[in-house]
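Chain by chain, the residues run as shown.
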Protein chains: 2
Amino acid sequence: MFSTGNPDKQISNLSESEIIECIRAWLGPSNPGYPQGIGDDCAVLISEAEGKQIITTDAVTYGKHFDNQIASEAAGAKLIKRNLSDIAAMGGVPESAVLALLAGPDLSIDWLKGFFKGIRSECETYGIQLVGGDLSSLENGNFSAVLTLIGRATSPSLRKYAGERDFICVTGHLGGSRLGKHHNFKPRIQEGQWLAKREECTAMMDLTDGLSKDLKAIMPENCCALLDLDRIPISLDAHTLSRTTGSSSVELAFTDGEDYELLFCIASEVEFQKFKESWEEYFPQVPVSCIGRFQESSQAGRIIDTRTNESIPWTEGFEHFK
Amino acid sequence: MFSTGNPDKQISNLSESEIIECIRAWLGPSNPGYPQGIGDDCAVLISEAEGKQIITTDAVTYGKHFDNQIASEAAGAKLIKRNLSDIAAMGGVPESAVLALLAGPDLSIDWLKGFFKGIRSECETYGIQLVGGDLSSLENGNFSAVLTLIGRATSPSLRKYAGERDFICVTGHLGGSRLGKHHNFKPRIQEGQWLAKREECTAMMDLTDGLSKDLKAIMPENCCALLDLDRIPISLDAHTLSRTTGSSSVELAFTDGEDYELLFCIASEVEFQKFKESWEEYFPQVPVSCIGRFQESSQAGRIIDTRTNESIPWTEGFEHFK
């Protein structure tokens, strides 16, 4: 539980300097030395890497992105990995991050320690330096953390580069993430870097709000998407969930959020089977599927089932505020 | 009021894409064109400026940093200016920002429009490009916004550069910010840039948590601070507040937060009067005061009244979690 009724174990028991000292210790080498790290009004960013600088920001909030069912380490790791998934979608290499913590005075010090353990572990795995941040207070029982992650990308595959007849591909399996994958996933950093370097790959994004919604964000203007529902890689968890939710597993694969897979396009002249063979040399453990293609259409913006030639009924992805 | 009971006027009434379209329109030219601006998994940062890159992150939360007494424009402006104050303390030039919004579904669209009006106005004044962000939901009645601001500084005056016998100086007047200055202030960007270029200025930070607490953050190890209480520039608002709070105005000047002034050090061999004359040529409207000096001491870390040679009693600044 992230908050505690025991006053001795609440962060309100520590001064801010003491909290920052704890965080410094918990982060270890993931917080670099002065002037890059914690300790001044701004952190100084030092980078020798090549490429364009890219930036993303993403939050985790108690009750929305995690709950008492998952360990604090997993919540901290999820915050880093959510942002990494955005860096992956640009084919980027992560470098530096800043963290804003918003929490009630009843936040448990032990829980926060675990949260930073998860952060540190991911920072070490992916070579991220956590260079600074901010602490501010909310009412008791609340916790949000916002990470801003900066990286480099030599040839970012932007969403709008998708071509009018491109094939539509996805990594991994979709749907059912609420059974565990929403926090228990590996961001597709290497896959994203590999894809961004391939000429065949025109555009890319990560799947966070569900295929139905995210596909619309990468769809070229004046196009619809023609999908073969038999080729949607449905996760086992989506099948499991479909038995209790009353939704079909393929619907869940379209509408569940937090897949943290890559949605990408390859040029229409590419033979997918050949592309897949190259992929499998590098990523034999990670499935890749071609699920359809774009096409210029008077039905622009729609997602169409090629078997029926009609719109797929569940075309609304996850809406944060609805 | 930032939340509304009228469902037609709540952001829950808009899809996320619609909210993002509104934000794009509200920001106007402060949101740059693709691929730098809103619209991809990451924003691409483009900078031709010289100097080291610096980064800071800071939040505003309803009920903590603003309330229903202040207009939404002022709340949005405050978010930018809080971060600018950190950039100022490094002598930096602001460049790009990303914004994470966390809000309940009952957030008023009109209020949010005003909030972005305030953001845009400050972005235009200071040449900031708002390049991306994130939306996520909280329970009804909650609102936080976290801004991460990136800039450049050619010669950042870091806190730890303060020397053992340096003079301690502050800009402006201190205390009483809760009567209005907490949002109605101008970040000391030009002053910070000027100071960072002056050889006399060794170290600098901004005053956000109160002089008592912030002075300790810039104090060299093995030193105490010797202050002349008669030289503390006490604001009129601190005098006003002292009449109703039971605290003396000088105590309020030490302990109130959110002054958003600069606290800086000048080398011990400098004649303050001469320094002040140079300052006044550039910033005739902005008072500058030398309030004391550091000294090596067995009482390291303490803030001492030179008249009594004893610690100043109110030495604890604002603690966010207490």
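Residues numbered from 1 in each chain as written. Chains lettered and ligands numbered in written order. Predicted model: local features only at pLDDT ≥ 70, side-chain atom pairs only at ≥ 80, totals over all residues. Heavy atoms only, no water.

(A) The overall build of chain A, seen in detail. Each helix and strand counted, chain A has eight helices and 12 strands in total. Relative to its length of 322 residues, chain A is compact, with a C-alpha radius of gyration of 21 Å against a globular reference of 20 Å. Its C-alpha atoms give chain A principal-axis dimensions of about 65 × 50 × 35 Å. For chain A, the residues scored as buried account for 62% of the 322 residues in total. Partitioning the contacts of chain A with sequence separation of at least 6, the portion at a separation of at least 24 is 85%. Per element, the accessible surface of chain A, about 12800 Å² overall, is 45% carbon and sulfur. Taking the 30 positively charged and 46 negatively charged side chains of chain A as two groups, their mean positions are separated by 3 Å. (Helix = DSSP H or I, 4+ residues; strand = E, 2+ residues; numbered from the N terminus. Rg over C-alpha atoms; globule rule 2.2 N^0.38 Å. Buried < 20%, exposed > 50% of the residue type's maximum accessible area, 1.4 Å probe, protein only. Contact = heavy atoms within 4.5 Å. Areas by Shrake-Rupley, 256 points an atom, 1.4 Å probe, with all protein chains shown as cover. Lys, Arg positive; Asp, Glu negative; His and termini not counted. Charge placed at Lys NZ, Arg CZ, Asp CG, Glu CD.)

(B) Layout of the interface of chain B and chain A. Facing 63 residues of chain B, the contacting portion of chain A comprises 63 residues. Counting the surface lost from both chain B and chain A, the interface buries some 5300 Å², and carbon and sulfur atoms represent 61% of this. The interface formed by chain B and chain A contains six salt bridges. Put simply, B:Glu16 and A:Lys213 hold a salt bridge, and the shortest N to O gap is 2.8 Å. Between chain B and chain A we count 12 residue pairs in polar contact (both at pLDDT 80 or more) in total. Contributions of two or more residues to the side of chain B that touches chain A are made by helix H1 (16-27), strand E1 (43-45), strand E2 (52-61), helix H2 (72-89), strand E3 (93-103), strand E4 (129-137), strand E5 (143-153) and strand E7 (201-207) of chain B. Broken down by element, the side of chain B that touches chain A gets its largest block of residues, nine residues, from E2(B). When the residues that make up the side of chain B that touches chain A are grouped by side-chain class, the tally is 31 nonpolar, 16 polar and 16 charged. (Buried area = accessible area lost by both parts, 1.4 Å probe. Salt bridge = Lys/Arg side-chain N within 4 Å of Asp/Glu carboxyl O. Polar contact = N/O pair within 3.5 Å; in protein donor to acceptor, adjacent residues only side chain to side chain. Nonpolar A, V, L, I, M, F, W, Y, C, P; charged D, E, K, R; others polar.)

(C) Examining the packing of helix H4 (residues 189-197) of chain A against helix H8 (residues 272-282) of chain A more closely. All names here are of chain A. The contact between H4 and H8 brings their axes to 12 Å, and the two run at 140°. As far as their axial angle goes, H8 and H4 are oblique. When you trace H4 past H8, the crossing you get is right-handed. Counting all contacts with H4, which are made through Glu191, Trp194 and Leu195, the residues of H8 involved are Phe275, Ser278, Trp279 and Tyr282. (Axes fitted to C-alpha atoms, helices over the stretch in contact; angles between N-to-C directions. Parallel < 35°, antiparallel > 145°, perpendicular 65-115°, else oblique. Left-handed = near helix turned anticlockwise from the far one by under 90°.)

(D) Structural context of the relation of the copies chain B and chain A. For these two chains of identical sequence, chain B goes onto chain A by a turn of 180° and a shift of 0.0 Å along the axis, with RMSD 0.0 Å. Expressed as a symmetry operation, the mapping of one chain copy onto the other fits a two-fold axis. Most of the interface of chain B is mirrored in chain A, where 100% of its interface residues again form contacts. (Least-squares fit on C-alpha atoms with pLDDT ≥ 70 in both.)

(E) Structural detail: the pattern of salt bridges. Residue and element names in this part refer to chain A. Taken as a whole and judged by the stated rule, the model has 36 salt bridges over all chains. The partner of Asp256 in a salt bridge is Arg178, with the nearest N and O atoms 2.7 Å apart. A residue pair is termed long-range when its members are at least 10 positions apart, and Asp256 in the loop between helix H7 (249-255) and strand E9 (261-266) and Arg178 in the loop between strand E6 (167-171) and H4 qualify at 78 residues. The exposure class of Asp256 is buried, given its relative accessible area of 8%. A single network of salt bridges, built from pairs that share partners, joins Asp58, Lys78, Arg82 and Glu258.

(F) Fine view of the sheet that holds strand E8 (residues 223-227) of chain A. Residue and element names in this part refer to chain A. The strand order E7-E9-E6-E10-E8-E11-E12 describes an open sheet built from seven strands, whose pairing is mixed. Only two strands of the sheet have a single neighbouring strand rather than two, namely strand E7 (201-207) and strand E12 (310-311). Alignment of E6 against E9, held across four bridges, turns out to be antiparallel. The residue of E9 that forms the bridge with Val170 is Leu263. With respect to the sheet, helix H2 (residues 72-89) is in contact with E7 and E9, its orientation differing from that of E7 by roughly 170°. Against the sheet, H8 touches E6, E9 and strand E10 (288-296), its axis set at about 145° to E10. (Pairing = 2+ DSSP bridges.)

(G) The packing of aromatic side chains, seen in detail. Residue and element names in this part refer to chain A. Tallied over the entire structure, the rule returns 38 aromatic pairs over all chains. Note on Phe66 and Phe143: the rings are 6.1 Å apart at their centroids and 75° apart in plane angle, and the pair reads as edge-to-face. Taken together, the positions of Phe66 in the loop between strand E2 (52-61) and H2 and Phe143 in strand E5 (residues 143-153) put the pair 77 residues apart, joining distant regions of the chain. The pair Phe66 / Phe143 is uniform in exposure class, with both members buried. Plain terms: the ring middles of Trp279 and Phe283 are 4.8 Å apart, the flat faces sit at 50° to each other, and that makes the pair tilted. Take Trp279 and Phe283: they sit in the same class, and that class is buried. Taken together through their ring pairs, the aromatic side chains of Trp26, Tyr62, Phe66, Trp111, Phe115, Phe116 and Phe143 make up a single cluster. Lying over the aromatic face of Phe185, Lys81 brings its terminal NZ or CZ to 4.7 Å of the ring centre. (Phe/Tyr/Trp six-rings, centres within 6.5 Å; stacked < 30°, edge-to-face > 60°. Lys NZ or Arg CZ within 6 Å of the ring centre and 35° of its normal.)

(H) Region of interest: the pairing of E7(B). Residue and element names in this part refer to chain B. Counted residue by residue, E7 has seven buried out of seven residues, so it is predominantly covered. Inspection of the sheet shows E7 paired to strand E9 (residues 261-266) by six bridges, in the antiparallel sense. Each bridged residue has a counterpart across the sheet, and for Asp206 the counterpart in E9 is Leu262.

(I) Just the sheet that holds strand E4 (residues 129-137) of chain A, in detail. Taken together, the five strands give an open sheet; going across it, the order is E4(A)-E3(A)-E5(A)-E2(A)-E1(B), and neighbouring strands pair in mixed fashion. The strands lining the two open edges of the sheet, one partner per strand, are E4 of chain A together with E1 of chain B. Within this sheet the neighbouring strands show an average axis-to-axis angle of 25°, counted without direction. Bridging between strand E3 (residues 93-103) of chain A and E5(A) involves 10 bridges; their strand directions are antiparallel. Residue pairing across strands places A:Ala97 opposite A:Leu149, the latter belonging to E5(A).

(J) Region of interest: the environment of A:Ala153. All names here are of chain A. Within the fold, Ala153 resides in strand E5. Of the residues examined, Ala153 reaches a relative accessible area of 1% and is grouped as buried. In the structure, Ala153 is positioned 102 residues away from Gly51 in sequence and 5.1 Å away in space, judged by C-alpha atoms. Ignoring anything within four residues of it in the chain, the contact list for Ala153 reads Gly51, Lys52, Ile54, Met90, Gly91 and Gly92.

(K) Just the side chain of B:Thr202, in detail. All names here are of chain B. Along the chain, Thr202 falls in strand E7. Only 2.5 Å separates the side chain of Thr202 from the side chain of Asp166, close enough to count as a polar contact. Excluding residues that lie within four positions of it along the chain, Thr202 makes contacts with Ser157, Leu158, Tyr161, Ala162, Gly163, Asp166, Cys265, Ile266 and Ala267.

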